[in-house]
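# Structural characterization, general
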Amino acid sequence: AKGEGRNQIAHFTPEMHEEARLNAVMHQELRGAVKGNQLELHYQPIRNARTGAINHVEALVRWRHPERGLVRPDLFIPLAEKTGMIREIGEWVRQEALTAAARMQTLGLLIPIAVNVSTAEFYDHTLADHIVQQSRESGLPEGTLMVEITESLLIRSQQETRDFLRTLQNAGIRIALDDFGTGYSSLSYLASFPAEKLKIDRSFVMGMRSDERKQALVETIIKLGHSLGMRVVAEGVETEEDQALLISKDCDLIQGYLLSKPLPEQELISFLQRYCAD
Ligand code: C2E
Ligand code: CA
Ligand code: CA
Ligand code: CA
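Anyway, here's the lowdown on the structure attached to this text. Not measured: the values here are computed from a predicted model.

Moving on to the coordination of the calcium ion (ligand 4). Taken together, the protein ligands of the calcium ion (ligand 4) are Asp179 (OD) and Asp179 (OD), with distances of 2.8 to 3.0 Å. Taken as a pair, the calcium ion (ligand 4) and the calcium ion (ligand 3) show a spacing of 3.7 Å, with Asp179 coordinating each metal. Tracing the sequence through the fold places Asp179 in strand S6 (residues 174-180).

See below:
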């Protein structure tokens, strides 16, 4: 058993070095990506469950890597969070989203836009003021910008989180609570934060029709959100059947491949023009 243990260590160490090396390479490349305009935003439309109208879009970042092609955020956001580069990326994402919203406004397509804000960006105590300033400088009407935060933020300092959210709210920036159900926050936290939207994580939505317990959870989250005066968004809606079930359970907003995948700006514009014309 001793020999085995030694082998394991001998086997494990180089791998860890390799992983660290890859991370270092990625880190360098990612730094270059932000500076070299390799990041881009795709936008996923979200519809009103009852009226069918497009309610808003969510901006989702991608990395246009010169050799590897389009890299999904799961593959670089965690690294960006670890290295602190998420702050630079977050700033870029908000700026680009607001600029795109302004471009669409000139085409008569003013639409609220949601951006993801990582808990790792909160080490910067001026973050709320930055976001407010970016929003003001865009010249867009209040209510155009929405930020999506996750429950992991709620378990940091309650007071700091509350101050952060109040600052945004006072400036007309809307707040959605993302990935609901996957974190650890208590219900009392939920009641005391001023989010207007609750997003059910897609892990609950996908497969809910064949899993009674998932379905019960989805139903409970919708009721919980409504009892707190929030509108509830279901993500990961891929089929008509899922959508019908969610509507029957009084879900307010629907996001998923059934309506549309996240689209580059030009494709979003065509989508909205076609959709509005219907
Ligand atoms: P998220 O905020 O939960 O975003 C929703 C994810 O679900 C997106 O993945 C979207 O493409 C995907 N999705 C939407 N509808 C469907 C569907 O019907 N089926 C399936 N299978 N997937 C669906 P994406 O774009 O790969 O983003 C993954 C995660 O990366 C996001 O999860 C978010 O946590 C993070 N992320 C993306 N953009 C940003 C950003 O600008 N800043 C930060 N901090 N995180 C971001
Ligand atoms: Ca999100
Ligand atoms: Ca989510
Ligand atoms: Ca997620």
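Moving on to the nonpolar core. Judged by nonpolar contacts, the single largest core of 79 residues is most densely connected at Phe76, Ile131, Val147, Ile149, Leu168 and Leu246. Here the element with the most residues in this core is helix H3 (residues 86-106); it accounts for nine residues. Setting aside its immediate chain neighbours within four residues, Ile149 contacts Val117, Phe122, Leu154, Leu165, Ile175, Ala176, Leu177 and Asp178.

We now examine unusual backbone geometry. Note: most residues except glycine have negative phi, and most peptide bonds are trans. Positive phi, close to 55 degrees, is recorded for Asp179, a residue that is not glycine. In this structure Asp179 comes out as partly exposed when scored by relative accessible area, which is 24%. Here Asp250, not a glycine, exhibits a phi torsion of approximately 75 degrees, which is positive. With respect to the element layout, Asp250 can be found in the loop between helix H10 (240-248) and strand S9 (253-254).

Here we come to the site of ligand 1. Not every one of the 22 residues close to ligand 1 is listed here, only the nearest: Arg62, Asp74, Arg202, Glu238 and Tyr257. Within the contact set of ligand 1, an oxygen atom lies 3.3 Å away from a side-chain nitrogen or oxygen of Asp179. Residue Tyr257 places a main-chain N or O atom 2.8 Å away from an oxygen atom belonging to ligand 1. Out of a free accessible area of 800 Å², ligand 1 has 88% covered by protein chains. Elements that contribute at least two residues to the shell around ligand 1 include exactly strand S2 (54-65), H3 and S6. Looking at which element gives the most residues to the shell around ligand 1, the answer is S2, with four residues. For the shell around ligand 1, a count of residues per class yields nine nonpolar, five polar and eight charged.

Counted according to the given criterion, the structure contains three aromatic pairs. Ring geometry for Phe122 against Phe164: centres 4.3 Å apart, planes inclined by 75 degrees, an arrangement best described as edge-to-face. Placement of the pair is Phe122 in the loop between strand S4 (113-116) and helix H4 (127-137) and Phe164 in helix H6 (residues 158-170), with a sequence separation of 42 residues. Since its relative accessible area comes to 7%, Phe164 is described here as buried. It is Arg162 that lies over the ring of Phe193; its NZ or CZ is 5.7 Å from the centre. One residue, Lys261, lies across the ring of Tyr257, its end atom 4.7 Å from the ring centre.

Conventions adopted
- Residues numbered from 1 in each chain as written.
- Chains lettered and ligands numbered in written order.
- Predicted model: local features only at pLDDT ≥ 70, side-chain atom pairs only at ≥ 80, totals over all residues.
- Heavy atoms only, no water.
- Donors = N, O, S within 2.8 Å, 3.2 Å for Na, K, Ca; no water.
- Helix = DSSP H or I, 4+ residues; strand = E, 2+ residues; numbered from the N terminus.
- Core = buried A, V, L, I, M, F, W, Y, C linked by side-chain atoms within 4.5 Å.
- Buried < 20%, exposed > 50% of the residue type's maximum accessible area, 1.4 Å probe, protein only.
- Contact = heavy atoms within 4.5 Å.
- Near = heavy atom within 4 Å.
- Polar contact = N/O pair within 3.5 Å; in protein donor to acceptor, adjacent residues only side chain to side chain.
- Areas by Shrake-Rupley, 256 points an atom, 1.4 Å probe, with all protein chains shown as cover.
- Nonpolar A, V, L, I, M, F, W, Y, C, P; charged D, E, K, R; others polar.
- Phe/Tyr/Trp six-rings, centres within 6.5 Å; stacked < 30°, edge-to-face > 60°.
- Lys NZ or Arg CZ within 6 Å of the ring centre and 35° of its normal.

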